[in-house]
Amino acid sequence: MSAPERIPTGRLSAVQDAVEGTDTGPTASEGAATVAGDMLLEGELTVRGRIQEASNAVLYCTVAHDGHSAACVYKPVAGERPLWDFPDGTLAQREVAAYEVSRACGWDLIPPTVLRDGPYGTGMVQEWIDPPESSDEVPELLALVEGEEPGPGWKAVGFAQLGEGRTALLVHADHPRLRRLAVLDAVINNGDRKGGHLLPGADGRFFAIDHGVTFNAEDKLRTLLWGWAGEPLTDEALEVLRGLREALQEAAPLAARLAELITDAEIEALRARVAGLLSSGRHPEPSGEWPAIPWPPV
């Protein structure tokens, strides 16, 4: 299947008349996510093309429902490549589980994501993020800089080899939304947080995608967002983690939903990671037992 000549346009949120112009707080965001999720679940899914660069099958689609149409991404389970450290055919469920946890945190970091049947079988379907109309609206989140210290507004990750004996300091922005993502990645045990998994959206925001390699019961955290390693968590993060701890109790709806997507052992490990973050009160540091930075990093 060849890639489309023109990528489908139109975010699901653009057709949500019930919440249009009201994205001012958690209530509006929750309403938008519910409407988007319903459309993704119930709409007619039509494949328009394929992203050739992706390691697994990633399909451009449109979803039509109740007179509206928008773009989305469909990753069928049948198109997943097996991984040595994750059970076969579970990446789509992990993507949905990551969205459910992000939604419970109230941070709106991951686009609405559902699990449903499609033209090539069961798969993950996620809202498509349109890029900003102007490059001036794209936030600068990662950079390579000369010297041994990051400049103001940046956090150091580590030194990168550029070839011919040259090195540069890899840095990421000291951005509150990026810091929330670093906490979320620690919670879901993201084993593959690359720069290319950050998509710029409207109003200077960005969204995180590609969460198939998450929720392993063993420590697998690999990320470019180590700039806050060892630093105290923000008061906001601690409050969110306390709420998440309650939401993960066995009788809670979030725990029941996750039980449909990941294993009991992985849910227990998730609870332990939340408890560990609350106990330490700090961003995690690399364990030294697992490569800390994904390769390639973009």
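Treat the numbers as computed from the prediction; the structure is a model and nothing was measured.

Draft legend 1. Inspection of the packing of aromatic side chains at higher detail. Under the definition given, this model contains one aromatic pair. Ring centres of tyrosine 60 and tryptophan 128 lie 5.1 Å apart, and the angle between their planes is 70°; on these two criteria the pair is classed as edge-to-face. Taken as a pair, tyrosine 60 in strand E2 (residues 59-65) and tryptophan 128 in the loop between strand E5 (121-127) and strand E6 (142-145) lie far apart in primary sequence, 68 residues in all. In this structure tryptophan 128 comes out as buried when scored by relative accessible area, which is 14%. Taking NZ or CZ as reference, arginine 177 lies 5.7 Å from the ring centre of phenylalanine 206, over its face. The cationic tip of arginine 177 hangs over the ring face of phenylalanine 207; the distance from NZ or CZ to the ring centre is 5.2 Å.

Draft legend 2. The side chain of lysine 75, seen in detail. Looking at the secondary structure, you find lysine 75 in strand E3 (residues 68-76). Of note is the side chain of lysine 75, whose polar atom sits 2.6 Å from the side chain of aspartate 210. With residues near it in sequence (within four places) discarded, lysine 75 still touches Ala57, Val58, Ala92, Glu95, Gly123, Met124 and Asp210.

Draft legend 3. Broad picture of the nonpolar core. Core analysis: the biggest nonpolar cluster contains 46 residues, and Val101, Val187 and Leu258 have the highest contact counts within it. Those elements that provide at least two residues to this core are helix H2 (91-105), helix H3 (176-188), strand E10 (206-208), helix H4 (235-247), helix H5 (253-259) and helix H6 (264-280). Looking at which element gives the most residues to this core, the answer is H3, with eight residues. Excluding residues that lie within four positions of it along the chain, leucine 258 makes contacts with Ala97, Glu100, Val101, Leu248, Ile267 and Leu270. Formed by 11 residues, the second largest nonpolar core is a distinct cluster that contains Leu40, Leu45, Leu59 and Val114.

Draft legend 4. Here's a closer look at the side chain of threonine 214. With respect to the helices, strands and loops of the structure, threonine 214 is situated in the loop between E10 and H4. Setting aside residues no more than four positions away along its own chain, threonine 214 makes contact with Phe86, Arg94, Ile188, Asn189 and Asn190.

Draft legend 5. Local environment of the environment of glycine 276. Tracing the backbone through its elements, the reader meets glycine 276 in helix H6. Placed 89 residues apart in sequence, glycine 276 and valine 187 show a C-alpha to C-alpha distance of 9.6 Å.

Draft legend 6. Structural view of the sheet that holds strand E7 (residues 154-163). If you trace the three strands from one edge of the open sheet to the other, you get E6-E8-E7, paired in antiparallel fashion. The open sheet has two edge strands, E6 and E7, and neither has a second partner. Each neighbouring strand pair of the sheet contributes to a mean axis angle of 30°, computed without reference to strand direction. Looking at chain direction, E7 and strand E8 (residues 166-173) are connected through eight bridges and run antiparallel. Across the sheet, the residue bridging to glutamine 161 is threonine 167, located in E8.

Draft legend 7. Region of interest: the packing of H3 against H6. Between H3 and H6, the shortest axis-to-axis distance is 8 Å and the interhelical angle comes to 135°. The pairing of H3 with H6 is recorded here as oblique in orientation. Taking contact as the criterion, the partners of Ala186, Val187 and Ile188 in H3 are, on H6, Leu270, Arg273, Val274 and Leu277. Looking at the contact of H3 with H6 residue by residue, the classes come out as six nonpolar, no polar and one charged.

Draft legend 8. Focus on the pattern of salt bridges. All chains considered together, the criterion is met by 13 salt bridges. With a shortest N-O distance of 2.8 Å, arginine 205 and aspartate 108 are connected by a salt bridge. Of this pair, arginine 205 sits in the loop between strand E9 (198-200) and E10 while aspartate 108 sits in the loop between H2 and strand E4 (113-118), placing them 97 residues apart in sequence. Overall, aspartate 108 belongs to the partly exposed group, its relative accessible area being 23%.

Draft legend 9. Quick look at the pairing of E3. Of all the nine residues making up E3, seven are buried; the element is thus mostly covered by neighbouring parts of the structure. The sheet contact formed by E2 and E3 spans seven bridges and is antiparallel. Looking across to E3, one finds that alanine 64 is bridged to serine 69. Hairpin connection of E2 to E3: two residues between the antiparallel strands, including aspartate 66 at a positive phi of 55°. As paired elements, E3 and E5 share five bridges and run antiparallel to each other. Within E5, the position partnered with tyrosine 74 by the bridge is valine 125.

Reading the values: rules and limits
- Residues numbered from 1 in each chain as written.
- Predicted model: local features only at pLDDT ≥ 70, side-chain atom pairs only at ≥ 80, totals over all residues.
- Heavy atoms only, no water.
- Phe/Tyr/Trp six-rings, centres within 6.5 Å; stacked < 30°, edge-to-face > 60°.
- Helix = DSSP H or I, 4+ residues; strand = E, 2+ residues; numbered from the N terminus.
- Buried < 20%, exposed > 50% of the residue type's maximum accessible area, 1.4 Å probe, protein only.
- Lys NZ or Arg CZ within 6 Å of the ring centre and 35° of its normal.
- Polar contact = N/O pair within 3.5 Å; in protein donor to acceptor, adjacent residues only side chain to side chain.
- Contact = heavy atoms within 4.5 Å.
- Core = buried A, V, L, I, M, F, W, Y, C linked by side-chain atoms within 4.5 Å.
- Pairing = 2+ DSSP bridges.
- Axes fitted to C-alpha atoms, helices over the stretch in contact; angles between N-to-C directions.
- Parallel < 35°, antiparallel > 145°, perpendicular 65-115°, else oblique.
- Nonpolar A, V, L, I, M, F, W, Y, C, P; charged D, E, K, R; others polar.
- Salt bridge = Lys/Arg side-chain N within 4 Å of Asp/Glu carboxyl O.

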